[in-house]
Amino acid sequence: MAPVVRMKLAGGRRIRMVRHVPVDLPQCWALTGSAACFLAAFFADLPLLRRTAASERADAGVPEPAGVSAERNPAAAFNTASASAIPPSASPARRDPRDRRARRIAPVLVLAGGALAAALLAWRAGQAAALTLPLSDYFDAFALLAALLAATWGYFQWTNHLRGLGVFLLPMIAGLELFGLALSLAGYKFFNAANPWIAVHIASVLLGSACFAAGCVGGAVYLLADRQLRRGQFGERGFLRLPPLASLEKFNQHAILLGFALLTLAVITGLLLQMASAHTLGPDWFLTPKVILTTLTWLIYAPLLHVRLAPAFRGQRAAWLSIIGFLLLIGVFISVNFMPAH
Amino acid sequence: MESFIPNSQEVMVVGLNHRTAPLAVRETVAFSAEQTRDALGRFATLFPGCEAAIISTCNRVELYVAHGAGVAPDVATVVEFLAGYHKVSAADFREHVYYYQETAAVAHLFAVTSSLDSMVVGETQILGQVKHAYQGACAAHTAGPMLHGLFQRALAAGKEVHESTGLSAGRVSVAGVAVQLVHRVFDQFSDKTVVCLGAGKMAELMLVNMAKLAPAKVIVANRSLPRAQELAHRTGAAACSMDQLDHLLTEADIVLAGTGSREPVITAGRFKALLKPRRYRPVVIVDIAVPRDVEPAVASLPNVYLYNLDDLQTAAAGNRGRREREIDMSREILSRHVEAFNNWRAARDTGPVVKALYEHCHAVAADELALMFARMPEMSEAQRRQMQRAAHRIIGKILHGPVTHITKEAPEPVRPALLAALRNLFDLSAADVAGPANAAAPGPEPESTAPTGN
C-alpha cells in the first residue's frame with residue numbers, strides 16, 4: 001500500500017492528499033522498454049537519412065532545368081538533363097523495399113514507446129489519490145517529458161522542412177527516460193505538487209526542459225548539417241538528409257524562446273519558494289549549486305534570445321550554446337537531487 | 001630507329017585532369033582563349049614542323065602534339081613547356097601529369113570528347129570545348145593533316161556516343177546541384193538576394209536556375225557594365241558595376257561567382273570585414289570560375305558555405321553507377337572509331353609510299369624502255385606502245401601482291417615496319433614520300449566533313 005503523505009499549506013489548512021506511488025521493478029522495466037522502443041526507432045530511421053545525393057534529388061522530385069538545345073549552345077549542356085521528362089519516381093533504384101519497411105517500423109516503435117510512457121504515467125496517477133498533477137517524483141516527470149517529446153517527434157515527422165530532425169530526438173528521449181529512472185532509483189525526491197506554487201514550478205521546469213531538450217537536439221543537428229555542408233562530400237554514403245539550416249535555426253530560436261520563458265517562470269517560482277523557506281535554509285541559500293547552476297543556465301540561454309540584437313551569436317555559436325545550456329540544465333536536475341539545499 | 005621509321009607521325013598527349021590534379025593545380029595552368037593562341041604560337045616556333053592543339057576546360061588542360069620526321073619533343077620537354085608557360089615549377093607540375101602516345105593518345109581524346117573521361121559522365125559541353133580547342137589550333141595554324149583528322153574524328157565519335165547511347169540521359173546538371181545545395185541552407189527565398197558576379201555563359205546558366213527560386217532580388221555585376229546590363233535584361237535582373245562589390249556582398253544571400261578574373265575576386269580578408277555589416281547572415285557562395293574567384297579560406301568563415309566546381313561536379317557525378325551499361329556501349333563505339341582512325345592513318349602513311357614505289361618502278365621501266373627505243377629506232381609506234389603496256393602490266397602484277405598485303409592484309413602494328421622496309425629497300429627518299437607534316441597546306445575548316453579513310 002502506498003504511503004499517504006499529508007501536506008499543509010502555510011495557513012495550516014489541510015489540503016487534499018497526494019499519495020506517493022513507489023517505483024517498483026515492473027515499472028522500471030516498463031520505462032526501460034519505452035526507452036528501448038525509442039532507441040530501436042532511432043536505429044530503424046537513421047539509415048533512411050543516409051542517402052546519396054542522387055536518390056535525394058529523386059525523392060525531392062526536383063525537376064531538372066530544361067535548357068536551350070545543346071546543339072545551338074554547347075554550354076547549355078551544362079544545364080540540360082535530357083531525362084527530365086522521366087518522372088524521378090520511375091527510377092527503380094529509389095524504391096528500396098527495405099526502406100518502405102523501415103519507414104513503417106519507426107513510427108510504430110515511437111508510438112509504442114510514447115504509449116508505454118503515457119500508460120505508465122496514467123497508471124501511476126491513477127494509483128495516486130489526487131489527480132491534480134500526476135507527478136510525484138522524477139520517474140513521473142521524465143515519463144511525462146518522454147511523452148511530450150514523442151509528440152514533438154510526430155510534429156517533426158509531419159512538418160516538411162523539419163523532417164530528419166525527429167530521428168535525432170529519439171535517442172534524446174531514450175536518454176532522458178533512463179536518466180530519470182536513474183535519478184529516481186538513486187534518490188527518491190517527492191514533488192509536493194499539491195502546493196500550487198510547487199505545481200507551477202514543476203510544470204514550468206518540465207515544459208521548459210522539453211523545449212530545451214528539443215533545442216539541444218536542434219543545435220546538435222544544426223552542427224551536424226553545418227559540418228556536412230562544409231565538408232561538401234555530397235555523393236558519399238554517410239551523407240545524411242537533414243533539414244535546411246535556416247529551418248533548424250528558426251526552430252532552435254522558437255524552442256529556446258519558449259523554454260526561456262518557462263525557465264524564467266520556474267526560476268521566479270523557485271526563488272519565491274526558496275525565500276519562503278529561507279529561514280530554514282540560512283542566509284547562504286543562494287550559494288547552493290542548484291541556484292548557481294540555474295542562474296548560469298539562465299545566462300547561457302539569454303544571448304540566444306537576442307540573436308537579432310547580437311547577430312554574432314548566430315549559427316554555430318547559438319547551436320553550441322543551446323547544447324551547453326541543456327547540459328547545465330541536466331546538471332541542475334542532478335544538483336537538486338543529490339545536493340540538498342541545506 | 002628514327003631513321004628506320006622516318007615518316008611515322010607520332011601522336012602524343014600530355015595533360016592533367018580532375019582525377020590527377022586538384023582544382024588548385026588546374027587553375028594555375030588553365031589557358032584562356034588568348035593564352036591558347038599565344039602558347040600554340042610559341043610552341044610552333046620552338047618545335048617547327050609539329051602540330052599542336054590545346055584543350056583547356058575547367059576539368060582538364062591537355063596539349064596534343066603530332067610530330068613529323070624531324071623534331072620530336074619528348075614528354076619531359078612538353079611538360080617543361082607547359083610549366084614554363086605558366087611559370088610553375090615543372091617538378092610540382094609533373095606529379096599531376098599523364099601522357100599517352102599513339103593509339104592510347106587517340107583513344108584518350110575520343111574518350112574525352114565523348115565525356116567518358118569527364119567528372120560528370122554524359123555531359124555534352126565537352127563536345128563544344130573540344131571543337132573550340134580544334135578551332136583554336138586551326139586559327140593558330142598549328143593543326144596539320146594529322147590533327148585535322150584526329151579532332152574531326154574525335155568530334156564525330158563524341159557525337160555518335162551522345163546520340164546513340166543513353167549516356168547523357170538522367171544526368172544531373174551542375175546548376176541543379178547548386179540549387180539543391182542552396183535548399184540545404186535556406187528554407188525560403190522570397191526575402192533572399194542573389195548576386196551574380198560575371199556575365200559569362202556559365203554565370204548565366206547558374207543565374208537562370210537560381211532565378212527559378214523566385215528570390216526577392218537578382219543582381220548581375222560585371223567588370224564591363226554593358227555586358228552586365230545585357231544579361232540582366234535577358235534574365236530580368238538588375239545590373240551593377242563591380243565597383244560596388246562590397247555593398248553587393250553585404251546584400252547577398254547567394255553569390256554566384258563566374259568571372260574570368262585571374263586573381264580571386266572575393267578574398268578572405270574582404271569577406272571577413274563584411275561579416276559584421278552582413279549581421280552574420282548565412283551566405284552560399286557558388287564559385288564556378290576556373291581559376292577560382294573566391295579564396296578557399298573564405299569557406300572557414302562563420303555562416304559562409306562555399307562551393308567550387310569540383311564540389312558541384314562530385315555531387316552531380318553521383319549517379320554514375322546506373323549508367324555502367326551505357327558506358328560500356330560508348331566504349332564499344334569508341335573502339336570502333338579508334339580502329340577506323342588507325343586505318344585512316346595507315347592508309348595515309350601507306351598511300352605516299354605505295355605511290356612512290358609505283359613511281360620508282362615506272363621510272364625504272366621508262367628509263368629502260370627509253371634506252372631500248374634508242375637502240376632500236378626501227379620499232380614502230382604501235383610496237384613501242386605494246387612494250388610500254390607490257391612493262392606496266394609486269395610492274396602491276398609484281399607489285400599487286402605486296403601492295404595489297406601492306407594496305408589491306410597486314411596487321412596494324414606491322415605496317416610501319418613494312419613501310420619502312422619498303423622505303424629502305426627501294427631507297428624511296430623523303431622527297432618522294434612527302435610527309436603530311438611537311439605539307440603545310442591550311443587545313444579544312446572544322447565544320448567540313450571528316451576525311452573518309454579506308
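Residues numbered from 1 in each chain as written. Chains lettered and ligands numbered in written order. Predicted model: local features only at pLDDT ≥ 70, side-chain atom pairs only at ≥ 80, totals over all residues.

## What about the overall build of chain A?
Counted only if it meets this: The helix count covers DSSP runs of H or I at least four residues long, the strand count covers runs of E at least two residues long, and both are numbered beginning at the N terminus. Residue burial here comes from a neighbour count, namely the number of other C-beta atoms, placed from the backbone, that lie within 10 Å of the residue's own C-beta, with 20 or more meaning buried, 12 or fewer meaning exposed, and in between meaning partly exposed. With C-beta atoms placed from the backbone, a contact is any residue pair whose C-beta atoms sit within 7 Å.
Helix and strand counts for chain A come out as 10 helices and two strands. The order of helices and strands in chain A, counted from the N terminus, is β-β-α-α-α-α-α-α-α-α-α-α. Among the 342 residues that make up chain A, the fraction classed as buried is 41%. For chain A, contacts bridging at least 24 residues in sequence account for 76% of all contacts bridging at least 6.

## Some details on the packing of helix 1 (residues 25-49) of chain A against helix 5 (residues 166-186) of chain A
All names here are of chain A. The cut-off we apply is this: Here, axes are lines fitted to C-alpha atoms. For helices the fit covers the stretch in contact, and angles between N-to-C directions go from 0 to 180 degrees. Oblique is the label for every angle not falling under 35 degrees (roughly parallel), over 145 degrees (roughly antiparallel), or within 65 to 115 degrees (roughly perpendicular). Handedness of a crossing is defined here by the sense of rotation of the near helix relative to the far one, left-handed for an anticlockwise turn of less than a right angle and right-handed for a clockwise turn. Throughout, the ten residues Ala, Val, Leu, Ile, Met, Phe, Trp, Tyr, Cys and Pro are labelled nonpolar, Asp, Glu, Lys and Arg are labelled charged, and all others, Gly among them, are labelled polar.
In the contact formed by helix 1 and helix 5, the axes pass within 8 Å of each other and the chain directions differ by 160 degrees. Classified by the angle their axes make, helix 1 and helix 5 are roughly antiparallel. Note on packing geometry: the crossing formed by helix 1 with helix 5 is left-handed. Across from Cys28, Leu31, Thr32, Ser34, Ala35, Phe38, Leu39, Ala41, Phe42, Asp45, Leu46 and Leu49 in helix 1, the residues of helix 5 making contact are Val167, Leu170, Pro171, Ile173, Ala174, Glu177, Leu178 and Leu181. In the contact of helix 1 with helix 5, the residues fall into 16 nonpolar, two polar and two charged.

## Here's the deal with the environment of Phe139 of chain A
Residues and elements named next belong to chain A. Along the chain, Phe139 falls in helix 4 (residues 138-158). C-alpha of Phe139 to C-alpha of Arg124: the two residues are 15 residues apart in sequence and 9.8 Å apart in space. Excluding its chain neighbours within four sequence positions, the residues that come into contact with Phe139 are Val23, Gly180, Leu181 and Ser184.

## Re the nonpolar core
Note the following rule: In plain words, the nonpolar core is the set of buried Ala, Val, Leu, Ile, Met, Phe, Trp, Tyr and Cys residues that C-beta atoms within 7 Å link up. These domain limits were set by an automatic method or by a database of domain assignments.
The biggest cluster of nonpolar side chains holds 199 residues, and the ones touching the most others in it are Leu149 and Leu169 of chain A together with Met206, Leu256 and Ala257 of chain B. Three or more residues apiece are contributed to this core by two domains, here domain 1 (10-170) and domain 2 (174-319) of chain B. Discounting chain neighbours no more than four positions away, the residues touching Leu169 of chain A are Leu149, Thr152, Trp153, Phe156, Ala214 and Val217 of chain A. Core analysis: the next-biggest nonpolar cluster, separate from the first, contains eight residues, Val354, Leu357, Ile406 and Leu428 of chain B among them.

## Topic: the sheet that holds strand 9 (residues 283-287) of chain B
Residue and element names in this part refer to chain B. Note the following rule: Should DSSP find at least two bridges between two strands, the strands are taken to pair.
Pairing is parallel in the open sheet, where six strands are placed in the order 7-6-5-8-9-10. Edge strands, defined here as strands with exactly one partner in the open sheet, are strand 7 (238-241) and strand 10 (304-308). Pairs of neighbouring strands in the sheet enclose a mean axial angle of 20 degrees, with direction left out of account. Summarising the sheet, strand 5 (residues 193-197) and strand 8 (residues 254-257) pair through four bridges and their orientation is parallel. Its bridge partner being in strand 8, Val195 is matched across the sheet by Val255.

## Things to note about helix 6 (residues 125-139) of chain B
Residue and element names in this part refer to chain B. Applicable threshold: Each helix should span, by expectation, one fewer than its residue count multiplied by 1.5 Å.
Over its 15 residues, helix 6 extends 21 Å from the first C-alpha to the last, a length consistent with the 21 Å expected when each residue adds 1.5 Å. Contacts made by the buried residues of helix 6 are with helix 2 (33-46), strand 2 (50-56), helix 5 (102-113) and helix 7 (145-164). One or two residues past the end of helix 6 sits His141, with phi positive at roughly 60 degrees.

## Quick word on the domain arrangement of chain B
All names here are of chain B. Along its sequence, chain B is carved into domain 1 (10-170), domain 2 (174-319) and domain 3 (350-425). With centres defined by C-alpha atoms, the gap from domain 1 to domain 2 works out at 30 Å. Facing 11 residues of domain 1, the contacting portion of domain 2 comprises 12 residues. Residues of the side of domain 1 that touches domain 2, tallied by class, amount to six nonpolar, three polar and two charged.

## Quick look at the sheet that holds strand 3 (residues 60-67) of chain B
Strand pairing in a sheet takes place through backbone hydrogen bonds and is either antiparallel or parallel in direction. Residue and element names in this part refer to chain B. With respect to topology, four strands assemble into an open sheet ordered 2-3-1-4, the strand pairing being antiparallel. Edge positions in the sheet fall to strand 2 and strand 4 (98-101), since each of these pairs with one other strand and no more. Direction aside, the axes of adjacent strands within the sheet are offset by 15 degrees on average. Contacting strand 1 (10-17), strand 3 and strand 4, helix 3 (residues 75-85) runs over the sheet at an angle of about 45 degrees to strand 1. Along the sheet face, helix 5 touches strand 1, strand 3 and strand 4 and points at about 50 degrees away from the line of strand 1.

## Description of the environment of His96 of chain B
Relative to the helices and strands, His96 of chain B is located in the loop between helix 4 (90-94) and strand 4. C-alpha of His96 of chain B to C-alpha of Thr193 of chain B: the two residues are 97 residues apart in sequence and 39 Å apart in space.

## Comments concerning unusual backbone geometry
All names here are of chain B. Residue Pro291 is bonded to the preceding Val290 through a cis peptide linkage, with omega at 0 degrees. Here Pro291 shows up in the loop between strand 9 and strand 10. Even without being a glycine, Glu102 presents a positive backbone phi close to 50 degrees. Inspection of the secondary structure assignment puts Glu102 in helix 5. Classification of Glu102 as partly exposed rests on a count of 14 C-beta atoms within 10 Å. For Ser115, which is not glycine, the phi dihedral falls at a positive 70 degrees.

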